[in-house]
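Analysis of the macromolecular model
Here's the letter readout for the chains.
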Amino acid sequence: MTATIASLRPATAEKLERLRAAFAQKGRVLTALSGGVDSTLCHKIAHDVLGYENAIAVTAKSETLTAREFEEICALCKAQGWNHRVIEYSELDIPNYAA
């Protein structure tokens, strides 16, 4: 079941509208897409407001992201028709990351 704005609590609906307005004001955004609920919702809203060309999702592929998680993120982006890019880097090379 898909929630409509009318079915949201007033405070939540207001926050959603503020986020949509912020994306619209920017005109073009890049979102960091980890595959979690927060980043996925954020990119969904960005894409809905700005469209494919102006809402770009970026996933950082590193040792701390499992192959399955990465495949799920890529499949979600493809299924949703999102503009998705991948960068590769090593979080473990960051000083004190794994300390």
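Here the structure is shown first, and the text comes after it.
Only a predicted model underlies this, so the values are computations on that prediction, with no experimental measurement involved.

**Overview of unusual backbone geometry**
Positive phi is not limited to glycine here, since Asn96 has a value of about 70°. Note that Asn96 resides in the segment after strand 3 (83–88). Residue Asn96 is classed as exposed on the basis of its relative accessible area of 66%.

**A short note on the pairing of strand 2 (residues 55–61)**
Here strand 2 lies mainly inside the structure; five of its seven residues are buried. Bridge count for strand 1 (residues 29–32) against strand 2 is four bridges, and the pairing is parallel. Opposite Leu30, over in strand 2, you have Ile56 as the bridge partner. Handedness of the crossover joining strand 1 and strand 2 through helix 2 (residues 37–50) is recorded here as right-handed. As paired elements, strand 2 and strand 3 share six bridges and run parallel to each other. Bridging across to strand 3, Ile56 finds its partner in Asn83. For the segment spanning strand 2, helix 3 (residues 67–80) and strand 3, crossover handedness is right-handed.

The rules behind the values
- Residues numbered from 1 in each chain as written.
- Predicted model: local features only at pLDDT ≥ 70, side-chain atom pairs only at ≥ 80, totals over all residues.
- Heavy atoms only, no water.
- Helix = DSSP H or I, 4+ residues; strand = E, 2+ residues; numbered from the N terminus.
- Buried < 20%, exposed > 50% of the residue type's maximum accessible area, 1.4 Å probe, protein only.
- Pairing = 2+ DSSP bridges.
- Right-handed = clockwise from strand over helix to strand, strands pointing away.

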